[in-house]
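Tertiary structure, described
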Amino acid sequence: MTLFYNQIQPQITNIKPYIPGKPIADLKRELNLVRVSKLASNENPLGASERVKKALQDLLIDIARYPDGSSFELKKSLSDNLGLKFNQISIGNGSNELLGLVARIFASDGDEIIFSQYAFAVYPISAQVVGATGVSVPAKNWGHDLKAMLKAISDRTKIIYIANPNNPTGTLVSIQDWDYFIKQVPQQVIVVLDEAYFEYVAENQTINGLDYLKRFPNLLVSRTFSKVYGLASLRVGYIMGCEEIISYIEKVREPFNVNQFAQVGALAALEDNDFVTKSIKINNIGMEKLTDFFTKKNLPFIPSAGNFVSIDLGNNAININQQLLELGVIVRPLANYGMNGFLRISIGTSKENEHFIEAMSKVLCQ
Ligand SMILES: *Cc1c(COP(=O)(O)O)cnc(C)c1O
């Protein structure tokens, strides 16, 4: 196992790999279950829009060809919809790829990358991969303490990652705190605002990162098709910023980083507003259902603006997670986020939510 230990880049040895939600097929196989509800990866419980599925079927005929390396149609549609220039957008193999590329472009050995305690696990990994030091700033009420993050900036700070809403806590930054923050960040520090759950947030609840791009060339905003658009498996996301930074991302990304199914699926998804509206509605109904249940059972939860909610089960979390698995419900333990007593539950269809509530009620009675 240590045959190549002395050859690898030292920062790579300590990386704790990202832990994904348990796949449905794994649990079915392991416990011989028929009915499994996966509420572990913040996926859209409705699946994908019928328009997307239709568009993808028509593509099968063309899989021998390389995809469009520039993602032209998708980028064009996004730039028209969002009021940005074509060259202000880069498309990625999931937004995850793009978050990592920003680290690759701006940071290396000895540099610092700031993120919040309990922030998305991809940020510390992105820092480590390039040899930079991850600086975790203590959270405030489970969310970003933007004032403390400003204070954490040093001469070596290259990037600040902020998820809004944050995953796994579902917290939002306040408009006032953000306005102060973004003005104070020195222009040589890149701010990456990760808006993976942007579409779920009700209007005026928080900022829209795009409103700040013109004034702040050091700001990048990322979004994804993995969540409300229901295309997690296709791997497609995008990042927006000033043309100069986007041109660097275009230089370092792989020539064909976004496959043709992802491009065509995302384009079709953008054209189906009804699906998005329906998904948000189902999410709001499910969120209310689950949080009502938690309130009734006296289970503390962190109010969430996303399509998931995290609950505090204290010392029983590991045990309860195991019992839920045995009852066919997959949720996400948050120990690797330093939130030992917490489980994160993605909002499902009404059937899946019922399955969870039924299983949880059973477990709590024991
Ligand atoms: C799910 C998620 C993403 C999206 O990742 P993709 O690579 O686009 O699937 C990005 N950021 C956060 C905070 C997320 O929770």
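This is a predicted model, so every value here is computed, not measured.

1. Notes on the overall build of the protein
When you go through the protein residue by residue, the secondary structure sums to 13 helices and 13 strands. Each principal axis of the C-alpha atoms in the protein carries an extent, and together these give about 60 × 55 × 50 Å. Going through the 366 residues of the protein one by one, you find that 51% of them count as buried. Across the protein, contacts joining residues at least 24 apart in sequence account for 74% of those joining residues at least 6 apart. If you sum the accessible surface of the protein, you get close to 17,900 Å²; carbon and sulfur atoms cover 51% of it. When the 36 basic and 36 acidic side-chain charges of the protein are each reduced to a single mean position, those positions are 3 Å apart.

2. Some thoughts on unusual backbone geometry
Note the cis peptide between Asn164 and Pro165, where omega equals -5°. In this structure, the amide linkage connecting Asn167 to the following residue, Pro168, adopts the cis form with an omega of 20°. Tracing the backbone through its elements, the reader meets Pro168 in the loop between strand 5 (157-163) and helix 8 (175-184). Although it is not a glycine, Tyr118 sits at a positive phi angle of roughly 65°. For Tyr118, a relative accessible area of 15% corresponds to the buried category.

3. Thoughts on the site of the ligand
Around the ligand, the structure places Gly94, Ser95, Asn96, Phe120, Asn167, Asp194, Ala196, Tyr197, Thr224, Ser226, Lys227 and Arg235. Within the backbone of Asn96, a nitrogen or oxygen atom sits 3.0 Å from an oxygen atom of the ligand. Asn167 places a side-chain nitrogen or oxygen 2.7 Å from an oxygen atom of the ligand. Compared with its free state, where it exposes 380 Å², the ligand has 93% of that area covered by protein.

4. Here we look at the sheet that holds strand 4 (residues 133-137)
Read across the open sheet, the seven strands follow the order 2-8-7-6-5-3-4; overall the sheet is mixed. Taken across any chain shown, the strands that pair with only one partner, and hence form the sheet edges, are strand 2 (89-92) and strand 4. Looking at each pair of strands side by side, their axes are set apart by 20° on average, direction ignored. Where strand 2 and strand 8 (residues 237-240) come together, four bridges link them in antiparallel fashion. By the bridge assignment for strand 8, Ser90 is matched with Ile239. Sheet strands touched by helix 4 (residues 72-82): strand 2, strand 7 (219-224) and strand 8. Its angle to strand 2, the strand with the most contacts, is close to 130°. Packed on one face of the sheet, helix 9 (residues 243-252) meets strand 2, strand 6 (190-194), strand 7 and strand 8 and runs near 30° to strand 2.

5. Brief notes about the packing of aromatic side chains
Scanning the entire structure with this criterion turns up 17 aromatic pairs. Ring geometry for Phe72 and Phe86: centres 5.4 Å apart, planes at 40°, overall tilted. With Phe72 in helix 4 and Phe86 in the loop between helix 4 and strand 2, this pair connects stretches of sequence that are 14 residues apart. Aromatic pair Tyr118 and Trp142: ring centres 4.9 Å apart, planes at 45°, arrangement tilted. Taken together, the residues span a long stretch of sequence, with Tyr118 in the loop between strand 3 (112-116) and helix 6 (122-129) and Trp142 in the loop between strand 4 and helix 7 (146-151) at a distance of 24 residues.

6. Examining the pattern of salt bridges
Per the counting criterion, the structure on display carries 14 salt bridges. Lys158 serves as the salt-bridge partner of Asp111, at 3.1 Å between the closest nitrogen and oxygen. Linking Asp111 in the loop between helix 5 (95-106) and strand 3 with Lys158 in strand 5, this pair joins segments that are 47 residues apart in sequence. The exposure class assigned to Asp111 is buried, which follows from its relative accessible area of 10%. A relative accessible area of 27% means that Lys158 is categorised as partly exposed.

7. Overview of the domain arrangement of the protein
Here the domain parsing of the protein yields domain 1 (5-47 + 274-365) and domain 2 (59-270). For domain 1 versus domain 2, the separation of C-alpha centres amounts to 24 Å. Of the residues lining the interface, 31 residues belong to domain 1; the matching set on domain 2 comes to 28 residues. Across the domain 1 to domain 2 interface the summed buried area is about 2,300 Å²; carbon plus sulfur atoms make up 66%. Among the residues of domain 1 in contact with domain 2, Tyr18, Ala305 and Tyr337 are the three that bury the most area, contributing 24% of the side total. Here domain 1 is connected to domain 2 by zero salt bridges. Taken together, domain 1 and domain 2 are joined by eight residue pairs in polar contact (both at pLDDT 80 or more). Contributing elements (two or more residues each) for the side of domain 1 that touches domain 2: helix 1 (10-13), helix 11 (273-296), strand 10 (308-312) and strand 13 (342-346). At five residues, the largest contribution of residues to the side of domain 1 that touches domain 2 is made by helix 11. Of the residues belonging to the side of domain 1 that touches domain 2, the class tally is 15 nonpolar, 13 polar and three charged.

8. Points about the environment of Gln187
With respect to the secondary-structure elements, Gln187 resides in the loop between helix 8 and strand 6. A C-alpha to C-alpha distance of 5.9 Å links Gln187 and Asn218, two positions 31 residues apart in sequence. Residue contacts for Gln187: discarding those within four places in its chain leaves Pro217 and Asn218.

9. Concerning the packing of helix 11 against helix 13 (residues 350-365)
Running from amino to carboxyl end, helix 11 crosses helix 13 at an angle of 10°, the nearest separation of the two axes being 11 Å. By the angle class used here, helix 11 and helix 13 are roughly parallel. Where helix 11 abuts helix 13, its residues Gly286, Lys289, Leu290, Phe293 and Phe294 lie against Asn353, Glu354, Phe356, Ile357, Met360, Ser361 and Leu364.

Conventions used here
- Residues numbered from 1 in each chain as written.
- Predicted model: local features only at pLDDT ≥ 70, side-chain atom pairs only at ≥ 80, totals over all residues.
- Heavy atoms only, no water.
- Helix = DSSP H or I, 4+ residues; strand = E, 2+ residues; numbered from the N terminus.
- Buried < 20%, exposed > 50% of the residue type's maximum accessible area, 1.4 Å probe, protein only.
- Contact = heavy atoms within 4.5 Å.
- Areas by Shrake-Rupley, 256 points an atom, 1.4 Å probe, with all protein chains shown as cover.
- Lys, Arg positive; Asp, Glu negative; His and termini not counted.
- Charge placed at Lys NZ, Arg CZ, Asp CG, Glu CD.
- Near = heavy atom within 4 Å.
- Polar contact = N/O pair within 3.5 Å; in protein donor to acceptor, adjacent residues only side chain to side chain.
- Pairing = 2+ DSSP bridges.
- Axes fitted to C-alpha atoms, helices over the stretch in contact; angles between N-to-C directions.
- Phe/Tyr/Trp six-rings, centres within 6.5 Å; stacked < 30°, edge-to-face > 60°.
- Salt bridge = Lys/Arg side-chain N within 4 Å of Asp/Glu carboxyl O.
- Domains from an automatic or database assignment.
- Buried area = accessible area lost by both parts, 1.4 Å probe.
- Nonpolar A, V, L, I, M, F, W, Y, C, P; charged D, E, K, R; others polar.
- Parallel < 35°, antiparallel > 145°, perpendicular 65-115°, else oblique.

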